[in-house]
Amino acid sequence: MPRARLSARRSLALTTAAVALGATFYGVGAASAENSAPRSDKEIPNLTNVVSDIKAYYGDTVDASGEHFASSTSNYAQQVADIESKAKSYLEHADKHVAKPAIVLDVDDTSLLTYNYELEVGFNYSSASNQAYLDNKNMAPVFGMDALTNWAADQGYTVFWITGRPEAQRADTVRNLTAVGYKAPADTAHLYLKNAANPPAYLPCGSTCTTIDYKSGTRAHIESLGYTIVANFGDQYSDLSGGHAEKSYKLPNPMYYLP
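Residues numbered from 1 in each chain as written. Predicted model: local features only at pLDDT ≥ 70, side-chain atom pairs only at ≥ 80, totals over all residues. Heavy atoms only, no water.

Undergrad: What is the right way to read the packing of aromatic side chains from this model?
TA: Geometrically, a pair of aromatic rings is defined through the distance of the ring centres and the angle of the planes. In total, this model carries twelve aromatic pairs according to the counting rule given. Between Tyr 90 and Tyr 249 the ring centres are 6.4 Å apart and the planes differ by 55°, which places this aromatic pair in the tilted class. Residue Tyr 90 is located in helix α3 (residues 75–93), and its partner Tyr 249 is located in strand β7 (residues 248–250); the two are separated by 159 residues in the primary sequence. Given a relative accessible area of 23%, Tyr 90 falls into the partly exposed group. Measuring from ring centre to ring centre gives 4.9 Å for Phe 160 and Tyr 227, while their planes differ by 80°; the resulting arrangement is edge-to-face. (Phe/Tyr/Trp six-rings, centres within 6.5 Å; stacked < 30°, edge-to-face > 60°. Helix = DSSP H or I, 4+ residues; strand = E, 2+ residues; numbered from the N terminus. Buried < 20%, exposed > 50% of the residue type's maximum accessible area, 1.4 Å probe, protein only.)

And the structure:
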């Protein structure tokens, strides 16, 4: 979500095809759907029903202006809270005597919740609609992640963000993270965005990096600065693959899949 928009964004149809083939709503399993055509309509769940299920999972609420928001009492929020509880327990007991302990977070649907944007565009991402949204609105924090991140920072962890958002969205991203309560500095030393025009020297793949290449390579760069990445958080398996973190936490996201 680029969120990791390192590749062209998917439509909701990719998610539904993955479900039809017995894959999970999100993650590595969805990749098989890209290479397998359904043999009949019975293998494809009804798109309207899938959207209704997503809305129910997020506890869809609509404000007076007609905008959709997720609910803090939803099954999504409860699932995220369980993951956060496990992560906090781990971070409490992790060896913080390592050199410069750190945590790494993705932005979209790890730190900031895109649900209201996704509903606004009908799960049909485009760079233009995404930029227009960010020009005028802030995305809410993923339930509890702001508190967990701020707590980790207070415990001595340095916070880094690695996002596939383009460099052009740096100001929007910093504004949004700060406005919704993230207290750790989201400056150029701690917030990494995709820079296809001028990729950093530490990424040998340059402008051709896959999501995994880009994110794992950036984590390796953070390690080269003397940090130990104790925990890595992401909503896509491509946020987490490639190593360079002692432990990874996968947050749920049934709305899209990014390889």
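Undergrad: Honestly, the side chain of Glu 84 in this entry has me stumped. Any pointers?
TA: Along the chain, Glu 84 turns up in helix α3. Comment: no salt bridge for buried Glu 84; closest opposite-charge side chain is Lys 88, at 9.6 Å. One polar contact links the side chain of Glu 84 to the main-chain amide nitrogen of Met 145, over a distance of 3.1 Å. Not counting chain neighbours up to four residues away, the residues in contact with Glu 84 comprise Phe 143, Gly 144, Met 145 and Leu 148. (Lys, Arg positive; Asp, Glu negative; His and termini not counted. Salt bridge = Lys/Arg side-chain N within 4 Å of Asp/Glu carboxyl O. Polar contact = N/O pair within 3.5 Å; in protein donor to acceptor, adjacent residues only side chain to side chain. Contact = heavy atoms within 4.5 Å.)

Undergrad: Even after reading the chapter, I still don't get unusual backbone geometry, so can you show me in this structure?
TA: Residues other than glycine predominantly adopt negative phi, and peptide bonds predominantly adopt the trans conformation. Notably, Asp 109 is not glycine yet its phi reads approximately 65°, a positive angle. Mapped onto the fold, Asp 109 is located in the loop between β3 (101–105) and α4 (115–120). One non-glycine residue, Phe 123, adopts positive backbone phi at about 60°. Along the polypeptide, Phe 123 turns up in the loop between α4 and α5 (127–136). Residue Phe 123 is classed as buried on the basis of its relative accessible area, which comes to 4%.

Undergrad: Looking at this structure, how should I read the pairing of strand β6 (residues 228–234)?
TA: Working note: regular strand, side chains alternate between the two faces of the sheet. Extensive coverage of β6 is indicated by the burial of seven of its seven residues. As judged from the five bridges shared by β3 and β6, these two strands associate in the parallel manner. Residue pairing for β6: Ala 102 is matched across the bridge by Ile 229. Of the strand pairs in this sheet, β6 and β7 are connected by three bridges, and their pairing is parallel. Bridge pairing links Asn 232 to Ser 248 in β7. (Pairing = 2+ DSSP bridges.)

Undergrad: Help me understand the sheet that holds strand β5 (residues 191–194) in this model?
TA: The strands that make up a sheet are held in pairs by hydrogen bonds between backbone atoms, and each pair lies either parallel or antiparallel. The sheet built from five strands is open, its strands ordered β5-β4-β3-β6-β7 with parallel pairing. Since the sheet does not close on itself, it has two edges, and those belong to β5 and β7, each with one partner. Strand-to-strand twist across the sheet, computed as the mean angle between neighbouring axes with direction ignored, equals 15°. The strands that α3 touches are β3, β6 and β7; relative to β7, the one it contacts most, it runs at about 170°. Docked against the sheet, helix α7 (residues 170–179) engages β4 (158–166) and β5, running at close to 140° with respect to β5. (Axes fitted to C-alpha atoms, helices over the stretch in contact; angles between N-to-C directions.)

Undergrad: Which parts of the structure should I look at to understand the confidence of the model for the protein chain?
TA: Residues shown with low pLDDT carry predicted positions that ought not to be read at fine detail. Overall, the predicted model of the protein chain reaches an average pLDDT of 88, with 86% of residues at or above 70. Residue range residues 3–33 is modelled with pLDDT below 50. Its contacts to residues more than four positions away, or to other chains, number 83 contacts. (pLDDT = per-residue confidence, 0-100.)

Undergrad: Is there a simple way to think about helix α8 (residues 211–224) in this case?
TA: Between its first and last C-alpha atoms α8 spans 20 Å; for 14 residues at 1.5 Å apiece the expected length is 20 Å, and the two agree. For α8, the set of buried residues is Thr 211, Tyr 214, Lys 215, Ser 216, Gly 217, Thr 218, Arg 219, His 221 and Ile 222. Along its buried surface, α8 packs onto β3, β4, β5, β6 and α9 (237–240). (Expected span 1.5 Å × (residues − 1).)

Undergrad: Sorry if this is basic, but what is going on with the side chain of Asn 116 here?
TA: Residue placement: Asn 116 occurs in helix α4. Separated by 2.3 Å, the side chains of Asn 116 and Tyr 133 make a polar contact. Apart from residues lying up to four places away in sequence, Asn 116 is in contact with His 68, Phe 69, Tyr 133 and Asn 138.

Undergrad: For this particular structure, what's the right way to read the pattern of salt bridges?
TA: Side chains carrying opposite charge are able to pair once their charged atoms draw close together. According to the stated counting rule, one finds nine salt bridges in the structure shown. Between Arg 165 and Asp 108 there is a salt bridge whose closest N-O contact spans 2.6 Å. Here the residue Arg 165 occupies a position in strand β4, and Asp 108 occupies one in the loop between β3 and α4, the gap between them amounting to 57 residues. With respect to burial, Arg 165 and Asp 108 carry one shared label: buried. Residue Lys 137 is joined to Glu 120 by a salt bridge in which the shortest nitrogen-to-oxygen separation is 2.6 Å. In this pair, Lys 137 is assigned in the loop between α5 and α6 (145–154) and Glu 120 in helix α4, connecting sequence segments 17 residues apart. Via salt bridges that share partners, Glu 67, Glu 120 and Lys 137 belong to a single interconnected network.

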